[in-house]
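Topology and contacts: notes
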Amino acid sequence: MKRIIYCLIAAVLTLPLVSCGGGSKQQGDPDLIKVAIDETFKPIMDEEMYQFNLQSPEATFKYVYCSESEALQLFLKDSVRSCLATRELSDKEKDLLRSKNLNVMTERIATDAIALIVNRSNPDTLISANDVMRIVTGQVTRWDQIKYAHQSGEIQLVFDNTQSSTVRYVEDSICGGKALKGNVYAQKTNPDVIEYIQKNPKAIGIIGVDWLRNEEDTTNLSFLPKVRVMSVSNSTVPEKDNSYKPFQAYIALGNYPFVRAVYYMTSDPLMQGKARYFYHFLSEQKGQLIITKSSQLLPWMQVQFKEVTVN
């Protein structure tokens, strides 16, 4: 069966911190960027920091990858002056930073998708958004409770960790503000989720989509071959023609249902400091082009599409 897939093109031409760059620098140094990053976005942020250092080799990153909750705590404690997360600060949190004479700049830099993955041997790769809700709320705990499923047995629902932005998204946006229920298993990181799915044919992993990037495919039209990525449908009965994987284009067109914003924020007061330059780098042409070409995230700047027919 042939299906048209859209290729996305940019329309515009305490925890220890890990250092990237030379020398020992203290907060207040104009070349220092101390940042806490939600571990969900490690693949793309590794690339963004690398490319920024190519144009600004004097910049020194001191960064930590951790859960979103930990990243925000470090930011609010002023242990770092920059942070990447999937939510903006509340008014109360902003007031806390203002009490330290720090003003926050926040920019939405991308849209992320929450992907569902299964073992390569699992024949069930189509699922309805409604059945995802039934699984994460504990209404469905077995494959044979899904009428169109081909296998039986207990569904093991696997996440990275309990403090992650992925868990918060599922509880807030899919569970309706309620806690996860069912046969839930917490790992530590997104790679741990992928490894668990490789070993457990009955499990469903819930993971940030950018961890599924196929490094050998520069078109961003395929996923990591170690696992299978489920297609999700807004219809009650999912079929190939009404179900979508979390590709960039399907995120942009609104076909894929499980998406969220990605925010980068800084409280660094140095107007000419590298922390502010990196903040603008991520939201402007060069940083957005990296997101387009090097990730499964949808950039926030205006985009256009080209049709690609796939057999």
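Please refer to the structure higher up on the page.
Throughout what follows, the structure given in this document is the object of discussion. (Residues numbered from 1 in each chain as written. Predicted model: local features only at pLDDT ≥ 70, side-chain atom pairs only at ≥ 80, totals over all residues. Heavy atoms only, no water.)

**A word on the packing of aromatic side chains**
According to the stated counting rule, one finds 13 aromatic pairs in the structure shown. Ring geometry for F52 versus F278: centroids 5.1 Å apart, planes at 65 degrees, classification edge-to-face. Of this pair, F52 sits in helix α1 (residues 42-55) while F278 is found in helix α8 (residues 274-283), placing the two residues 226 residues apart along the sequence. There is no split in this pair, since F52 and F278 are both buried. Taken together, the ring pairs in this structure connect F52, F61, Y264, F278, Y279 and F281 into an aromatic cluster. (Phe/Tyr/Trp six-rings, centres within 6.5 Å; stacked < 30°, edge-to-face > 60°. Helix = DSSP H or I, 4+ residues; strand = E, 2+ residues; numbered from the N terminus. Buried < 20%, exposed > 50% of the residue type's maximum accessible area, 1.4 Å probe, protein only.)

**What to know about the packing of α1 against helix α9 (residues 285-294)**
At a closest axis distance of 10 Å, the pairing of α1 and α9 adopts a crossing angle of 140 degrees. One element, α1, and the other, α9, form an angle in the oblique class. Handedness of the crossing formed by α1 with α9: right-handed. Contact residues: α1 offers I44, E47, E48, Q51 and Q55, while α9 offers K286, G287, I290, I291 and S294. Counted by class, the contact of α1 with α9 contains three nonpolar, four polar and three charged residues. (Axes fitted to C-alpha atoms, helices over the stretch in contact; angles between N-to-C directions. Parallel < 35°, antiparallel > 145°, perpendicular 65-115°, else oblique. Left-handed = near helix turned anticlockwise from the far one by under 90°. Contact = heavy atoms within 4.5 Å. Nonpolar A, V, L, I, M, F, W, Y, C, P; charged D, E, K, R; others polar.)

**Some remarks on the environment of T189**
If you trace the backbone, T189 turns up in the loop between β9 (184-186) and α6 (190-199). Remark: the alpha-carbon pair of T189 and I207, spanning 18 residues in sequence, is separated by 9.3 Å. If we skip the residues at most four places from it in the chain, T189 touches E39 and D160.

**Points about the packing of α8 against α9**
Between α8 and α9, the shortest axis-to-axis distance is 4 Å and the interhelical angle comes to 50 degrees. In terms of their interaxial angle, α8 and α9 are classed as oblique. Here α8 and α9 pass one another in a crossing that is right-handed. Between α8 and α9, the contacting residues are F281, L282 and S283 on the first element and K286, G287, Q288 and I290 on the second. By residue class, the composition of the contact of α8 with α9 is three nonpolar, three polar and one charged.

**Focus on the sheet that holds strand β7 (residues 126-128)**
The strand order across the open sheet formed by three strands is β7-β12-β13, and the pairing between neighbours is mixed. One side of each edge strand has no neighbouring strand; the edge strands of this open sheet are β7 and β13 (243-244). Summarising the sheet, β7 and strand β12 (residues 231-233) pair through three bridges and their orientation is parallel. Within the sheet, the bridge partner assigned to L126 lies in β12 and is S231. Across the sheet, helix α4 (residues 129-136) lies against β7 and β12, angled at about 80 degrees from β7, the strand it touches most. (Pairing = 2+ DSSP bridges.)

**Digging into the pattern of salt bridges**
Summed over the entire model, instances satisfying the criterion amount to 14 salt bridges. Of the charged contacts, one joins D31 and K274 as a salt bridge, the two residues approaching to 3.7 Å between their closest N and O atoms. Placement of the pair is D31 in the loop between β2 (18-20) and β3 (32-38) and K274 in helix α8, with a sequence separation of 243 residues. Assessed through its relative accessible area of 9%, K274 is described here as buried. Here E68 ties to R168 by a salt bridge, and the two come within 2.8 Å at their closest N and O atoms. Taken together, the positions of E68 in helix α2 (residues 68-76) and R168 in helix α5 (residues 165-174) put the pair 100 residues apart, joining distant regions of the chain. By relative accessible area, which is 3% here, E68 ends up buried. Classification of R168 as partly exposed rests on a relative accessible area of 26%. Residues joined in a network through salt bridges with shared partners are D31, E58 and K274. (Salt bridge = Lys/Arg side-chain N within 4 Å of Asp/Glu carboxyl O.)

**Side note on the nonpolar core**
Counting 75 residues, the largest nonpolar core has M45, F258, Y264 and F278 as its most contacted members. Counting residues per element, this core draws most heavily on strand β6 (residues 105-118), which supplies eight residues. Among all residues touching M45, those that are not within four sequence positions of it are I37, Y65, L84, Y264, F278 and L282. Ranked by size, the runner-up nonpolar core spans 17 residues in total, among them V64, A71, L97 and A261. (Core = buried A, V, L, I, M, F, W, Y, C linked by side-chain atoms within 4.5 Å.)

**As for α8**
Since the α-helix packs 3.6 residues into each turn, any two residues three or four apart lie on the same face. Most of α8 is tucked away, with eight of its 10 residues classed as buried. The complete set of buried residues in α8 reads K274, A275, R276, F278, Y279, F281, L282 and S283.

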